[in-house]
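Residue strings, one per chain:
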Number of protein chains: 2
Amino acid sequence: MKYSSSKENYIKAIFHLQRSSENVSTNALANALQTKPASVTDMLKKLKEQKILQYERYKGVRLTAEGKKIALLIIRKHRLWEYFLVEKLQFGWEEVHEIAEELEHISSKKLIDRLDDFLGNPRKDPHGDPIPDANGKMPVLQQISLDAIELNKPMEITGIGNQTPELMELLQRTNIKIGSKLEVKKKFSFDNSLEIKMRNAAPFIISQFLAKNLLVNDEE
Amino acid sequence: MKYSSSKENYIKAIFHLQRSSENVSTNALANALQTKPASVTDMLKKLKEQKILQYERYKGVRLTAEGKKIALLIIRKHRLWEYFLVEKLQFGWEEVHEIAEELEHISSKKLIDRLDDFLGNPRKDPHGDPIPDANGKMPVLQQISLDAIELNKPMEITGIGNQTPELMELLQRTNIKIGSKLEVKKKFSFDNSLEIKMRNAAPFIISQFLAKNLLVNDEE
DNA sequence: TAAAAAATTTAGATTTACCTAAATTTATTT
DNA sequence: AAATAAATTTAGGTAAATCTAAATTTTTTA
Ligand SMILES: [Mn+2]
Ligand SMILES: [Mn+2]
Ligand SMILES: [Mn+2]
Ligand SMILES: [Mn+2]
């Protein structure tokens, strides 16, 4: 089966949203897809027909097993293309998402499997997110929010939560990147801000909100 | 400006067709695009509105300068992606066209220019066709049909005319490839067939029709 | 628990890219 | 130059993916 780009975008958005909420609401989807709730309702009815999701009106949606399988393939394509753009074409990690948003809809399965091999079967994309394998299995990386770790323990940034341009902007300013090594030196109880120290740089303070959006590896 | 995949396919098809005929006919386009003449007429009216082509009803079409510029960019993308698939992902040159037919519609200009550099700015695609540069200039390769060359002069196959699966099949059987070195030993006036000799192989005979579809370099 | 507010769906349109069948125009034959 | 054939366009639809405005259902609040 082959699905339109529009349908694939819906399937992927539902997949991501259903990890943080039981059933995914019409409004949440409309917001994620930059569209109107009425349009979402229309599409949900079509996707239900195709058994890609379970949907009862006014009750929100969940993907079926089939739906999840499709979502994981799209995510695989998205992340492999992002990796290609950064590693082979020298793009900055903040500019690849939009292009991958188009490339993820190229249909050839053989293409993506060959690309995977060409790239050396990477396990994480440039944002630190795990890349599903050819069977749709996604490695579970034990990532933990920087906000929750012990003091003075060396850590590596392996991912970021909310991937908005606003966060990107702040990361550039503070020079924090995927792969940066750092440790938390102190937590200030006044506003829960954290003092962090990166290798070869003076210590500085970041907000709790930012810390919650920085993921570090637990072991490894 | 950004055009739909469908419009881009029309523009590219007109570009190719208008090299062999003054004005491109509705039927020729319908045939090339595997669609119906009535659909072509509809689309031509829209593309005329957008000043991409000159069209008067019952008289056929030609691209405007703007239309040609768009066509050359699409052809550039198509051929660079084909080169990538063959050279980096180990695809066979007969299986890349279909995938490139999708990849050519990815919109990022920066992506294609980076890809061009990554590939080492190739001048020909895997079928021997020239690749337009970032400004849309397409090198004119002096290619001449094998049917028209002198006897006993060493030549290299640099391109093929009609790129159908049928021709591909015959080429595989005869083991003729882009880059093959050969010379024409004799022409038979009975059916205009040619005896050719490839390096390290016994001479064999090919039809005039096949010879007309094999392009060789004139000088170089 | 009855209003009010929020979320969601339905109704009715629009745009794009197609289609078939019928009408029209152009080209080719007698 | 008619008549016939071929090419092309027009008329009238359809399906996908959107939208706005109005109706309905669910949730929250007073
Ligand atoms: Mn991304
Ligand atoms: Mn997308
Ligand atoms: Mn091609
Ligand atoms: Mn195409």
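Residues numbered from 1 in each chain as written. Chains lettered and ligands numbered in written order. Predicted model: local features only at pLDDT ≥ 70, side-chain atom pairs only at ≥ 80, totals over all residues. Heavy atoms only, no water.

Visitor: Just checking my understanding: could you explain the relation of the copies chain A and chain B for this structure?
Guide: One copy of the chain maps onto the other through a rotation about an axis plus a displacement along that axis. The transformation that overlays chain A on chain B combines an axial shift of 0.1 Å with a rotation of 179 degrees, and the residual RMSD is 0.2 Å. Between the two chains, the operation in question is that of a two-fold axis. Closest to the rotation axis within chain A is the C-alpha of Leu103(A), separated from it by 3.9 Å. The share of interface residues of chain A whose copies in chain B are also at the interface is 100%, consistent with both copies meeting through the same surface. (Least-squares fit on C-alpha atoms with pLDDT ≥ 70 in both. Contact = heavy atoms within 4.5 Å.)

Visitor: Which parts of the structure should I look at to understand the protein's contact with DNA strand D?
Guide: Around DNA strand D lies a shell of 22 residues, among which Ser4(A), Thr35(A), Ser39(A), Thr41(B) and Tyr55(B) are the nearest. Considering the 4 Å shell around the protein, atoms of DNA strand D inside it are sugar or phosphate in 74% of instances. Between DNA strand D and Ser6(A) there is a distance of 3.1 Å, counted from a phosphate oxygen to a side-chain nitrogen or oxygen. Within the contact set of DNA strand D, a phosphate oxygen lies 2.8 Å away from a backbone nitrogen or oxygen of Asn27(B). When residues of the surface near DNA strand D are traced back to their parent elements, those giving at least two are α1 (5–17) and α3 (37–49) of chain A together with α2 (26–32) and α3 (37–49) of chain B. Here the surface near DNA strand D gets five residues from one element, more than from any other, and that element is α3(A). A class-by-class count of the residues in the surface near DNA strand D yields eight nonpolar, eight polar and six charged. (Near = heavy atom within 4 Å. Polar contact = N/O pair within 3.5 Å; in protein donor to acceptor, adjacent residues only side chain to side chain. Helix = DSSP H or I, 4+ residues; strand = E, 2+ residues; numbered from the N terminus. Nonpolar A, V, L, I, M, F, W, Y, C, P; charged D, E, K, R; others polar.)

Visitor: I would appreciate a short explanation of the environment of Arg173(B) in the present structure.
Guide: Tracing the sequence through the fold places Arg173(B) in helix α7 (residues 165–174). In this structure the C-alpha to C-alpha distance between Arg173(B) and Ser207(B), which are 34 residues apart in sequence, comes to 14 Å.

Visitor: Sorry if this is basic, but what is going on with the protein's contact with DNA strand C here?
Guide: In the vicinity of DNA strand C, 22 residues are found, and the nearest of them are Thr41(A), Tyr55(A), Ser4(B), Thr35(B) and Ser39(B). Atoms of DNA strand C within 4 Å of the protein belong to the sugar or the phosphate in 75% of instances, the rest to bases. In the model, a phosphate oxygen of DNA strand C is placed 2.9 Å from a nitrogen or oxygen of the Lys45(A) side chain. Secondary-structure elements contributing two or more residues to the surface near DNA strand C are α2 (26–32) and α3 of chain A together with α1 (5–17) and α3 of chain B. For the surface near DNA strand C, the element with the highest residue contribution is α3(B), accounting for five residues. Residue composition of the surface near DNA strand C, by class: eight nonpolar, eight polar and six charged.

Visitor: Is there a simple way to think about the coordination of the manganese ion (ligand 3) in this case?
Guide: Six octahedrally arranged donors around a metal ideally form angles of 90 or 180 degrees; four tetrahedrally arranged donors ideally form angles of 109.5 degrees. All names here are of chain B. Around the manganese ion (ligand 3), the protein contributes the donor atoms His78 (NE2), Glu82 (OE) and His97 (ND1), which lie 2.0 to 2.2 Å from the metal centre. Here the donor residues for the manganese ion (ligand 3) map to a single chain with the spacing H-x3-E-x14-H. With a gap of 15 residues between them, Glu82 in helix α4 (residues 65–87) and His97 in helix α5 (residues 96–103) connect regions that are remote in the sequence. With relative accessibility at 1%, the residue Glu82 sits in the buried group. (Donors = N, O, S within 2.8 Å, 3.2 Å for Na, K, Ca; no water. Buried < 20%, exposed > 50% of the residue type's maximum accessible area, 1.4 Å probe, protein only.)

Visitor: Would you mind showing me how to read the environment of Glu101(A) here?
Guide: Residues and elements named next belong to chain A. With respect to the secondary-structure elements, Glu101 resides in helix α5 (residues 96–103). Exposure remark for Glu101: the relative accessible area of 22% places this residue in the partly exposed category. When the C-alpha positions of Glu101 and Trp81 are compared, they lie 9.3 Å apart, and in sequence the two are 20 residues distant. Among residues more than four places away in sequence, those in contact with Glu101 are Asn9, Lys12 and His78.

Visitor: Looking at this model, I keep getting lost on the sheet that holds strand β5 (residues 181–187) of chain B. Mind explaining?
Guide: All names here are of chain B. Ordered in space as β3-β8-β4-β5-β6-β7, the six strands form an open sheet in which the pairing is antiparallel. Looking along the sheet, the strands with just one partner apiece sit at the ends: β3 (143–145) and β7 (204–206). Each strand of the sheet is rotated relative to its neighbour by a mean of 50 degrees, with strand direction disregarded. Where strand β4 (residues 155–160) meets β5, two bridges bridge the pair, whose relative direction is antiparallel. Bridge assignment links Met155 to a residue of β5, and that residue is Leu182. Along the sheet, α7 makes contact with β4, β6 (194–198), β7 and β8 (214–217), crossing β4 at roughly 155 degrees. (Pairing = 2+ DSSP bridges. Axes fitted to C-alpha atoms, helices over the stretch in contact; angles between N-to-C directions.)

Distances and angles like these do not, on their own, reveal function.
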